[in-house]
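Listed below, chain by chain, are the residues.
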Amino acid sequence: MSTGLEREPSVEVTEGDLEALIGDRALARDDHLNAPGFVIRPDDVQDVLTDLRDEAGFDHLANLTAQQYPDRYESIYHLRKYADPTQEVSIVVPTTTDEPVSQTAEPVFRTADWHEREAFDLVGIDYEGHPDPRRILLPETWQGHPLSEGYDQEKPQLVTLTEHANPVQPDHHDDESDTMFLNIGPHHPATHGVLHIETVLDGETVVDVDPDIGYLHRCEEQMCQNGTYRHQIMPYPDRWDYVSAGLLNEWAYARTAEDLADIDVPEYAQVIRTMGAELCRIASHMLALATFALDVYGDFTAIFQYGMRDREVVQDILEDLTGQRLMFNYFRLGGVAWDLPEPREEFIEKTRDFLDGLPAKVDEYHDLLTANEIFQIRTHDTGILEPEVAKQYGCTGPVARGSGIDYDIRRDDPYGYYDNLEWDVVTEDGCDNYSRVLVRMQEVEESAKIIEQCLDLLEDWPEDERTVQSNVPRTLKPDADTEIYRSVEGAKGELGIYIRADGTDKPGRFKIRSPCFHNLSALPELSEGEYVPDLIASLGSLDIVLGEVDR
Amino acid sequence: MSSEQPRQQIYDSTAPSTDTRDSRIGEGADDRFNSKLREAFGSTPFILTKFDKFMNWVRGNSMFMLQFGIACCSIEMMHTYAIKHDLDRFGAGVPRASPRQADVMIVPGTIVSKFGPRMKRVYDQMPEPKFVVGMGSCTISGGPFQEGYNVVKGAEEIIPIDIHVPGCPPRPEALVYGIAKLQERIRNGESTPVVVKPYELEEFGDLPKDELVQKLADDIDEEDLVMRYNWADSP
Ligand code: SF4
């Protein structure tokens, strides 16, 4: 296993250090359950964030939450460290209701670009100095900001169907060279759903790429804000990253809400969760592999079908466990819905059979895919993502690990039962499409190791200690104004959720930090200057799911 | 038809029968099964009935699917195409990447405002006769996202749907069953009248000049195609 970049030991930054660093730019404190929070003025944003990044090592802008209170707007920058994600700090930037203008953070963290566009789109905060202040999820012609107060959902809206203009034509047009504008998507087999990529080509070379998202913006945040904590929210996470990663997503919500409402989870349930989640990871990575082969050589016959074959087996196991093939809805706050299916031995044996067959299958994939010369030529040294760039865009998961960033929430900010098990974080330092595929394939093997150990534990668990759920009150009403940001390692990377409780049984604000959103925003870095086919390969290797990008 | 004068019928206008049809299923409803041949020759000569029957049988047994993925349901759709469920066994498993080569479109997922016009365009690009299978609760009503500000309350608001397969997501077996049902209907030559269809692509200039249109007047050209969503009227 490659070691990648060496993990630098991160210096613990205490709250005192932070206070000293921010100094009198901090107007007040607004602590969150997960991190100390500092309120600053809207025109100090770049200043403070730069200091935090350069002096204190907070190099990861994990999330940006925008929300409206009756008397003000607020943007919250959630910062943490790649070297140690348990060190967190929240920077809260309030703006007035009449003039919601705040300084942009884009020059400090590239990823703020898309985040601030989203905040403008959905909540209506303007970011001064933003390089590209357009809507991102909703159509350009949309009226109003749906997550702001007093938005009327019943009002009619108009959406246009027009041709897109070539954005670089004016400066690239002369007698010798001309550029061509190419729309990829929103209905296109290589975009893995409904993504639209506005591409400008100069010959075969890509000169400009602009992913246009929002074709699957299903108002997930609104839906979660309308649901009660106890049962109504849990079905939605299944539908964010819908590539069988359901349990991983459910865990993100479970972890956040459990920490928010202070709920314990029995150890036995944690083991089941860990096992289920890793099964999901295998299924999800198999699909990534299968569709990647489809993208790179249009291989619908061998690898795609092999991937599907193996997913069927995993889905069968998950169906036995949860009752559904895809949308599991199996986690509950405080545990899981039910115990392993009876007869237990049969379930355990079935899962073991799958794990026993896995190494041979992985070898087969290596033979067909990674050892294939055409595949190597297509993927080696294409789609380069340097670790520093990846960090700027907030990339996580296999994409970051393929660039040598040793970052995995399961190990660095442990939850569930991962801490007590033997497994490794996989990194590769090739930074190219090939490394990302390798990382996924090795992660399948690591997941198998985890499941194996969970099965051993489950098999020997004393019968009278098999509690699957702790006691949770029927209605949960966390205290008003408690805020929390928590994340788990989803199939695609750091999947985080921010919740602000408002004293009722529904969240006041529910914000999803989607790893795919960040990973996709790095696409221009991967593909500009390369050939069109490499753009498709890079997109495939990012392994995005539009349900999670658009939410 | 009376058997005394079959020849005239062939040259006569088809207007009478079209009129009855229109009054029965509403004007402008699709006439997918009323082939050009029938328009030209008039109705019901023996040969053409047999030919129509034959055509329907052929159509039902060789359906080219549009490779069209939208949301979660498309994952189950992929499984339906792939091994184990293998939709191809039923003569309906060739996914085509281009709408111009497809006759069946499975709509597998949630349709949101931004995607509506695009989907309409893809549907319009498919050659006649074309059929649509709505997969999942989202295409029926918006499903779990029905109350979302951005979600179209069912695919039928935009394009006509022949078969609905409920579920969230439907199992591959359910989709196979839905497609088998569609094939059965095609073989029997049944067509579906269009039920609800309030959202159309129109030129911006043709819209009534209400508040919203006036506000956008500077941003949109008169000739641009637009789709207007009247959320308050949605079911
Ligand atoms: S019906 Fe359910 S599974 Fe299908 S697209 Fe809608 S939410 Fe996803």
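Residues numbered from 1 in each chain as written. Chains lettered and ligands numbered in written order. Predicted model: local features only at pLDDT ≥ 70, side-chain atom pairs only at ≥ 80, totals over all residues. Heavy atoms only, no water.

Points about helix 9 (residues 344-370) of chain A
Turning to step 1, where the next piece is worked out: Between its first and last C-alpha atoms helix 9 of chain A spans 37 Å; for 27 residues at 1.5 Å apiece the expected length is 39 Å, and the two agree.
Turning to step 2, where the next piece is worked out: Taking the largest bend as the criterion, helix 9 of chain A deviates by roughly 35 degrees, centred on leucine 358 of chain A, and proline proline 359 of chain A comes between one and four positions later. (Helix = DSSP H or I, 4+ residues; strand = E, 2+ residues; numbered from the N terminus. Expected span 1.5 Å × (residues − 1). Bend = angle between axes of the 7 residues up to and from the residue.)

Regarding the pattern of salt bridges
Turning to step 1, where the next piece is worked out: Applying the stated rule across the entire model yields 56 salt bridges over all chains.
Turning to step 2, where the next piece is worked out: Of the charged contacts, one joins arginine 218 of chain A and glutamate 220 of chain A as a salt bridge, the two residues approaching to 3.7 Å between their closest N and O atoms. The two residues arginine 218 of chain A and glutamate 220 of chain A agree in class, both being buried.
Turning to step 3, where the next piece is worked out: Close ionic contact of aspartate 316 of chain A with lysine 84 of chain B constitutes a salt bridge, the shortest N to O distance being 3.8 Å. Of this pair, aspartate 316 of chain A sits in helix 8 (residues 303-322) while lysine 84 of chain B sits in the loop between helix 5 (72-81) and strand 2 (94-96), which puts the two residues in different chains. (Salt bridge = Lys/Arg side-chain N within 4 Å of Asp/Glu carboxyl O. Buried < 20%, exposed > 50% of the residue type's maximum accessible area, 1.4 Å probe, protein only.)

Here we look at the packing of helix 14 (residues 433-460) of chain A against helix 17 (residues 532-542) of chain A
Residue and element names in this part refer to chain A.
Turning to step 1, where the next piece is worked out: Contact geometry for helix 14 and helix 17: axes closest at 9 Å, N-to-C directions at 25 degrees. Looking at the two axes, helix 14 sits roughly parallel to helix 17. Crossing hand, helix 14 versus helix 17: left-handed. Along its contact with helix 14, which presents Asn433, Arg436 and Arg440, the element helix 17 presents Asp534, Ala537, Ser538, Ser541 and Leu542.
Turning to step 2, where the next piece is worked out: Split into classes, the residues belonging to the contact of helix 14 with helix 17 amount to two nonpolar, three polar and three charged. (Axes fitted to C-alpha atoms, helices over the stretch in contact; angles between N-to-C directions. Parallel < 35°, antiparallel > 145°, perpendicular 65-115°, else oblique. Left-handed = near helix turned anticlockwise from the far one by under 90°. Contact = heavy atoms within 4.5 Å. Nonpolar A, V, L, I, M, F, W, Y, C, P; charged D, E, K, R; others polar.)

Comments concerning a nonpolar patch on the surface
Residues and elements named next belong to chain B.
Turning to step 1, where the next piece is worked out: There is a patch of nonpolar side chains on the surface, built from Phe51, Phe54, Trp57 and Val58 and spanning about 380 Å² of accessible area.
Turning to step 2, where the next piece is worked out: Structurally, the position occupied by phenylalanine 54 is in helix 4 (residues 46-61).
Turning to step 3, where the next piece is worked out: According to the relative accessible area criterion, phenylalanine 54 is partly exposed, its value standing at 47%. (Patch = residues over 30% accessible without salt bridge, like charges linked within 9 Å, V, L, I, M, F, W, Y side chains within 5 Å. Areas by Shrake-Rupley, 256 points an atom, 1.4 Å probe, with all protein chains shown as cover.)

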